[in-house]
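Report on the structure
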Amino acid sequence: MGLLTIGAFAKASRLSPKALRLYDELGLLNPARVDPVTGYRLYAPDQLDQARLVAWLRRLGMPLARIQHVCTLEAAGAAQEIRAFWAQVEADTAARRNLATFLIDHLSWKDPTMSPTAKPLGIRYAALSDTGLVRESNQDTAYAGPRVLAVADGYGSGGATASAAAVDVLKRLETDSVPAGDLFNVLEDAVEEAGRAVRGVPPTGSSSGEGPRAQAGTTLTAMLWTGTQLALVHIGDSRVYLLRAGELFQITHDHTLVQSMVDEGRISPEEALSHPQRSLLTRALGQGADETPDMRLHDAQHGDRYLLCSDGLSTVVPGADILRVLAGTREPDEAVRALVALANGIGGPDNVGCVVADVAELQQ
């Protein structure tokens, strides 16, 4: 079979002539020959497989630059790259779904009409932060109050100041009035203000024999009690767990390079535990960082127990032991002390910050 005109090739590949001209200009799919007299583009039949692959990838919504990379790979590598792209699409869709759910719940929320026999709910809470047994200083900040629960894990030369600055901004929501209709905007404004506060933390310079210290930054994971719900704001790899009816659920998603590799199927969850880049964040508060928060609402139930913690607990203490402590302790302050003791009992390699909050009926 001879060369195909651009019209015939477009029909066979299900790509428009306009798209083929664009892909030629970008170097993505060059014609086999360009007629020197007419300037017509002519394509070889064996280019159809690549053209059809390009068409399929465009239907997936893959950017052209990434398609160009895929087309340079062998079949196995191309399949892996497509798998990774689609995992990212699903993760982005899940994030938008969570935001949509937050907005729907937020806009649909109304003050509940309590029956004469119903009891209002409140939270009982405790917070504890500890340096651990290896680090010289504590860069974790943990806070618990009547309305605000927060954990921040600082990094860089001013990490302790950065985590404290971020939590201090959230503390203001303890006294600020937050109308139900403004909840989303208030939380978004608080995160933006916390980011500005963290970016304003100056680096403390460098020590002898070292280059410049890392710019200060922090994770931030916080919950705001509304009276019937807990609004979650999450950036980084600190976590929130929910103990409900004897089962422990992780209700945050780590914003780390390793977690994204797990999501994309590049490594297994077991491999992630010992990966050398397991602490590399993809989102945080700090200079040059992606500060986009995950936000959602959780309906509270009597008997719920929430744990907010830094990775100094979650990456050191096995989940089964966290469950055992949360289920086996009565008071929040007893639980936070036991959790910190567990981490230190395993060597205390990192700072530990944790908050435990119980949803309970208020005594009238």
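The sections below set out a description of the structure shown in this document.

Rules used in this analysis
- Residues numbered from 1 in each chain as written.
- Predicted model: local features only at pLDDT ≥ 70, side-chain atom pairs only at ≥ 80, totals over all residues.
- Heavy atoms only, no water.
- Pairing = 2+ DSSP bridges.
- Helix = DSSP H or I, 4+ residues; strand = E, 2+ residues; numbered from the N terminus.
- Buried < 20%, exposed > 50% of the residue type's maximum accessible area, 1.4 Å probe, protein only.
- Arc of directions from axis to C-beta.
- Contact = heavy atoms within 4.5 Å.
- Polar contact = N/O pair within 3.5 Å; in protein donor to acceptor, adjacent residues only side chain to side chain.
- Salt bridge = Lys/Arg side-chain N within 4 Å of Asp/Glu carboxyl O.
- 1 Å grid on protein atoms, 1.4 Å probe; cavity = no way out; pocket = protein on both sides within 12 Å on 5 of 7 lines; lining within 4 Å.
- Points joined across faces, edges and corners; volume = space filled by probe spheres on them.
- Nonpolar A, V, L, I, M, F, W, Y, C, P; charged D, E, K, R; others polar.

Taken in spatial order, the three strands of this open sheet run 1-3-2, and their pairing is antiparallel. Among the strands making up the open sheet, the edge pair consists of strand 1 (4-5) and strand 2 (33-34). As paired strands, strand 2 and strand 3 (residues 41-43) are joined by two bridges and run antiparallel to one another. Each bridged residue has a counterpart across the sheet, and for Val34 the counterpart in strand 3 is Arg41.

Turning our eyes to something else, we now look at the pairing of strand 14 (residues 305-309). Within strand 14, five of the five residues are buried, leaving the element largely enclosed by the surrounding structure. Of the two faces of strand 14, the one carrying Arg305, Leu307 and Cys309 and the one carrying Tyr306 and Leu308 are both buried. In the sheet, strand 10 (residues 239-244) pairs with strand 14 via five bridges, with the strands oriented antiparallel. Looking across to strand 14, one finds that Val240 is bridged to Leu308.

Moving on to helix 11 (residues 319-328). Those residues of helix 11 that fall on the buried side of the exposure criterion are Ile322, Val325 and Leu326. Buried residues of helix 11 fall within an arc of 95 degrees about the axis and therefore sit on the same side. Across from the buried face of helix 11, at angles greater than 90 degrees, the exposed residues are Ala320, Ala327 and Gly328. Buried residues in helix 11 make contact with strand 10, strand 11 (247-250), strand 14, helix 10 (311-314), helix 12 (332-345) and strand 15 (352-361).

With respect to the helices, strands and loops of the structure, Arg199 is situated in helix 7 (residues 183-199). Taking C-alpha positions, Arg199 is 7.4 Å from Ala216, a pair spaced 17 residues apart along the chain. When residues no more than four places from it in sequence are discounted, the contact partners of Arg199 are Gln215, Gly286, Gln287 and Glu291. In terms of polar contacts, Arg199 uses its side chain to reach the side chain of Glu291, at 2.7 Å.

Let's shift gears to the pattern of salt bridges. Taken as a whole, this structure holds 15 salt bridges when the rule is applied. Here Asp350 ties to Arg135 by a salt bridge, and the two come within 3.3 Å at their closest N and O atoms. With Asp350 in the loop between helix 12 and strand 15 and Arg135 in the loop between strand 4 (121-130) and strand 5 (140-144), the pair connects residues that are 215 residues apart, well separated along the chain. Residue Asp350 is classed as buried on the basis of its relative accessible area of 14%. Measuring nitrogen to oxygen at the nearest pair gives 2.7 Å for the salt bridge that ties Asp254 to Arg239. Of the two residues, Asp254 is situated in the loop between strand 11 and helix 8 (257-263) and Arg239 in strand 10; the sequence distance between them amounts to 15 residues. You'll find Asp254 and Arg239 in the same group, each marked buried. Linked through salt bridges whose partners overlap, the residues forming this network are Arg124, Arg305, Arg330, Glu331 and Asp358.

Backbone geometry at Arg14 places phi at a positive 65 degrees, although glycine is not the residue there. With respect to the helices and strands, the residue Arg14 is situated in the loop between helix 1 (6-13) and helix 2 (17-25). Among the residues examined, Arg14 registers a relative accessible area of 61% and is labelled exposed. For Ala245, which is not glycine, the phi dihedral falls at a positive 55 degrees.

Moving on to the layout of surface pockets. Quantified by volume, the largest pocket comes out at close to 1,000 Å³. Lining the largest pocket are 35 residues, with Asp237, Arg239, Arg278, Asp311 and Thr315 sitting closest to its centre. Looking at the lining of the largest pocket, the elements with two or more residues in it are strand 6 (148-155), strand 10, strand 11, helix 8, helix 9 (269-273) and helix 10. In terms of residues, the lining of the largest pocket owes the most to one element, helix 9, which gives four residues. Of the residues contributing to the lining of the largest pocket, the split by class is 14 nonpolar, twelve polar and nine charged.

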